[in-house]
Each structure stands twice: as structure tokens, then as C-alpha cells.
Amino acid sequence: MTDVTGVPVDVLHTLFHSDQGGHEQVVLCQDRASGLKAVIALHSTALGPALGGTRFYPYASEQEAVADALNLARGMSYKNAMAGLDHGGGKAVIIGDPEQIKTEELLLAYGRFVASLGGRYVTACDVGTYVADMDVVARECRWTTGRSPENGGAGDSSVLTAFGVFQGMRASAQHLWGDPTLRGRKVGVAGVGKVGHHLVEHLLSDGAEVVITDVRDESVRRITAKHPQVAVAADTAALIRTEGLDIYAPCALGGALDDDTVPVLTASVVCGAANNQLAHPGVEKDLADRSILYAPDYVVNAGGVIQVADELHGFDFDRCKAKAAKIFDTTLAIFARAKEDGIPPAAAADRIAEQRMAEARRS
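The structure contained in this document is the topic of the report that follows. All residue numbers refer to positions counted from 1 along the written sequence of the respective chain. Totals for whole chains, interfaces and linings use every residue, but because this is a predicted model, local features are given only for residues with pLDDT of at least 70 and side-chain atom pairs only at 80 or more, for both listing and counting. To obtain the side-chain values, all non-hydrogen atoms of the structure were included, while hydrogens and water were left out.

1. Some points on the nonpolar core
- Definition of nonpolar core: a set of buried residues of the types Ala, Val, Leu, Ile, Met, Phe, Trp, Tyr and Cys, connected through side-chain atoms within 4.5 Å. Relative accessible area decides the class of each residue, using a 1.4 Å probe on protein chains only: under 20% of the type maximum gives buried, over 50% gives exposed, and in between gives partly exposed. I40, Y110, M169, V189, L199 and L203 are the most contacted members of the largest nonpolar core, which totals 63 residues.
- Strands are runs of DSSP state E lasting at least two residues, helices are runs of H or I lasting at least four, and both sets are numbered from the N terminus onward. When residues of this core are assigned to their parent elements, the largest contribution, six residues, is made by helix 4 (residues 104–115).
- The contact criterion used is simple: two residues touch if any of their non-hydrogen atoms lie within 4.5 Å. In contact with V189, other than residues within four places in its own chain, are G196, L199, V200, L203, V210, V211, I212, T213, L239, A249 and C251.
- Listed in part, the 18 residues of the second largest apolar core include V211, I240, A267 and Y294.

Listed below in C-alpha cells is the structure:
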């Protein structure tokens, strides 16, 4: 069922009435000449201009694309608040297979739409978009980050994203086992692409035993060719059932933790780079009921957004890395708040983020 504009009614209900809504603005973008169809969602600008990446993905439907943009934008509000950034949350999705339809003309058209928002939204890379793409978008829009160093940017943000996740793992180890090292721990990484392969390097350097899986064989081969000691699971279903697994790191797309996966997880900790890991409300309680420590995804994967935010002010890698290192302390503070309030860590992180956004609105 659709309304008079053809937009599914349930999407509008999500936007205006549900707990996942509350967004300030949603922009539907279309450029017939280039084939661009995109959604830009601004969840909150309470802390400053909305900041979040552009996802380029072959969604099954426009409805699915809008829903993903809404969820991702909301997540960015919380991520930016917990990272201590003066930015609200936004996200954009471009509908289509980037391998098939991504062109310079399409990216330039997209840049013009972002520019039309006058700085209310700052974009960057996400799944399906890369530094070279942001260089093209930036030709039409100065509110673009994640550009190449040659074009005044900071380059690939996955380096600090992985570093931040590693800090979240160290904090989880400190909280659960009393020592912030992963030495001797078995860590399963699902998805060893842009972020995951950097995370594997950190884990191996710290003495962890690593098991990986990825839907792309070439991504797995890149790891095993360099590190033959890394084990490979057939798929994610096999990985999460690995005997003796201490930490599970979902580093691909969202929804990794659901009613099917949580009951069979062998790990004591979940800490990964993927966004929106909890498939639905209540999963965080299911994890807690199984005594599985969950490091909230939007807290531990904030290294990348810390980097792209810094790019707006003249990028300094050492300054960004120092900020990303604080993810260790932030994660520990969330675990402490969760224990104090008697709630799961995901709920504790939400409370802290919501408090910061509420204070910004009052000031």
C-alpha cells in the first residue's frame, strides 16, 4: 500500500511515529540522466551538522533502501554523540549495484543533491563507496570527507575504524578477564574486507588466535597468503559455532545478531565493526541472558567517523588516533554504567548518547 506520492505507508509510519523514526529530514533524490536514485536521511543536527557515509547497495526495493537509510542515520546520531563529536547523525544510500551503475556522472549528480542541503549533511565513504568516489562527489560538494590525500582529504578511514574496534576488544577483555590483551584468545572475524583485514593485523600483533570467514574468496586469500596460521571457517554459521571462540567480531553488513545466531554463539564477547548488529530490539537482552558481553557497535566502530570529522578541520592522523584510542575508556565506562543501572551495555550506551543530545538541545 502506498500514499499519494507512491511511498509505502509503513515507511512514512516509521519516519513519523515509530521508535526508529524521529528524523528531522529525509530527501529522496533522482537524476534520470545518470540513473541516480538515492535517499539522504538526517536524524539529528542537535550536536552539529549531520555526518555519515554514503552506502551504494543493490537494495531489493526502494522501501528497503529508505528503511536502511533511516536506521543508519539514527545510528550515526548515537555514534557521533558517543565519540564526542560536534556532529549529528545522517546517512545516505544510493540504490543499485555499484559494479553495474556507478559512473562519474551519477556521483556528480549525487554531490549536487548533498550540496543542496547547504551543509546540514556531511557525507563520506561507506559500503560500496570509496575514497576515489568521494573525490568525484567533492567536485560538486564541499561538504564531503573521506577524500584522498591528493585532494585534501585523509584517505581510507577503515584504518582507524579497525583500530577503534581493537580498542573496544581490549576494553572487553579488561572488563571480562581483568587484562586488556587478546594474547591467547581465539577471535572470529566475519568479514575481512575494508575494515576486517586491518583488524586481523591488530589481533595477530597482540598474540590472538584468529579465525576468519568472508563471502568473497579473494578477501580470505589475501589474509591467508600473508598469515597462513589464520584459520578459515566455511561461513558465518560455522564461525559462530567454533569451539573455544572467545570473541566474535561481525565486520560485514548489519543484523548479525538475531534470534537464530545468539542461541548458538560460542563466544563470550561480541565486538565488531558492522553497523546495526542487533537485528531487533530485545537481542541485547538475549545476549545478556546468555552472559555474552556486547560492546555496542556504534561505540567501538567510531574510529572512522572520528577521522572523517577531523578532515573538516585539517587532518592530523596522530590527533585522530589519540581520539580513537579513547574508545577503550568509553567502552569501559559503558560497561560500568550498564552494571550500575542493571541494564545491557547497548541500553547504557543509548542513555549516555541521548543525555548528550538532550543537553545540546537545551543549550
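2. Considerations on the pairing of strand 10 (residues 247–250)
- Every second residue of strand 10 is oriented toward a common face, with I247 and A249 on one face and Y248 and P250 on the other, all of them buried.
- Here two bridges tie strand 10 to strand 11 (residues 269–270), and the two strands are oriented parallel to one another. Looking at strand 11, one finds that Y248 is bridged to V270. Only when DSSP finds a minimum of two bridges between them are two strands counted as paired.

3. Quick word on helix 4
- An expected span of 1.5 Å times one less than the residue number is assigned to each helix. Between the first and last C-alpha of helix 4 there are 16 Å, a value that for 12 residues agrees with the 16 Å anticipated at 1.5 Å per step.
- Considered for burial, the residues of helix 4 that qualify are L106, L107, L108, A109, Y110, G111 and V114.

4. Remarks on the sheet that holds strand 9 (residues 231–232)
- As summarised here, the arrangement of the six strands in space is 9-8-7-10-11-12, forming an open sheet in which the pairing is parallel. At either margin of the open sheet sits one strand with a lone partner, and together these are strand 9 and strand 12 (293–294).
- Where strand 7 (residues 186–190) and strand 8 (residues 209–213) come together, five bridges link them in parallel fashion. Counterpart to K186 in the pairing with strand 8 is E209.

5. What about the packing of aromatic side chains?
- A pair of Phe, Tyr and Trp rings is counted when the ring centres sit within 6.5 Å of each other, with Trp represented by its six-membered ring. The angle between the planes then sorts it: under 30 degrees is stacked, over 60 is edge-to-face, the rest tilted. Under the criterion given, the structure shown has three aromatic pairs.
- Considering the side-chain rings of F315 and F317, the 6.4 Å spacing of their centres and the 75° angle between planes classify their relative orientation as edge-to-face.
- Counted as over-ring charges are cases with an Arg CZ or a Lys NZ within 6 Å of the ring centre that also lie within 35 degrees of the ring normal. Lying across the ring of Y130, K194 places its NZ or CZ 4.6 Å from the centre.
- Its guanidinium or amino end placed over the ring of F163, K321 lies 5.0 Å from that ring's centre, counting from NZ or CZ.

6. Some thoughts on the side chain of T242
- Residue position: T242 is located in the loop between helix 9 (236–239) and strand 10.
- Among the residues examined, T242 registers a relative accessible area of 17% and is labelled buried.
- Identification of polar contacts relies on pairs of N or O atoms within 3.5 Å, with a donor-acceptor requirement for protein atoms, meaning one able to donate a hydrogen and the other able to accept it, and with residues adjacent in sequence counted only if both atoms are side-chain atoms. Within the local environment of T242, its side chain forms a polar contact with the backbone oxygen of L239, the two atoms lying 2.8 Å apart.
- With near-sequence residues (within four places) excluded, T242 lies in contact with K186 and T266.

7. Notes on the side chain of T331
- Its location among the elements puts T331 in helix 14 (residues 327–341).
- Ignoring anything within four residues of it in the chain, the contact list for T331 reads G168, A171, A295, V299 and V300.

8. Side note on the pattern of salt bridges
- In what follows, salt bridge is the name for a side-chain nitrogen of Lys or Arg lying within 4 Å of a carboxyl oxygen of Asp or Glu. Scanning the entire structure with this criterion turns up 19 salt bridges.
- Across the pair D126 and K91 runs a salt bridge whose closest N-O atoms are separated by 3.0 Å. Of the two residues, D126 is situated in the loop between strand 6 (121–122) and helix 5 (131–137) and K91 in strand 5 (residues 88–95); the sequence distance between them amounts to 35 residues.
- Overall, D126 belongs to the buried group, its relative accessible area being 11%.
- You can call K91 buried: its relative accessible area is 3%.
- When the shortest N-O distance is used, the salt bridge between E201 and K226 registers 3.3 Å. Remark: K226 occurs in helix 8 (residues 217–226) and E201 occurs in helix 7 (residues 196–205); sequence separation between them is 25 residues.
- By relative accessible area, which is 56% here, K226 ends up exposed.
- Taken together, the salt bridges that share partners define one network made up of R55, D68, K91 and D126.

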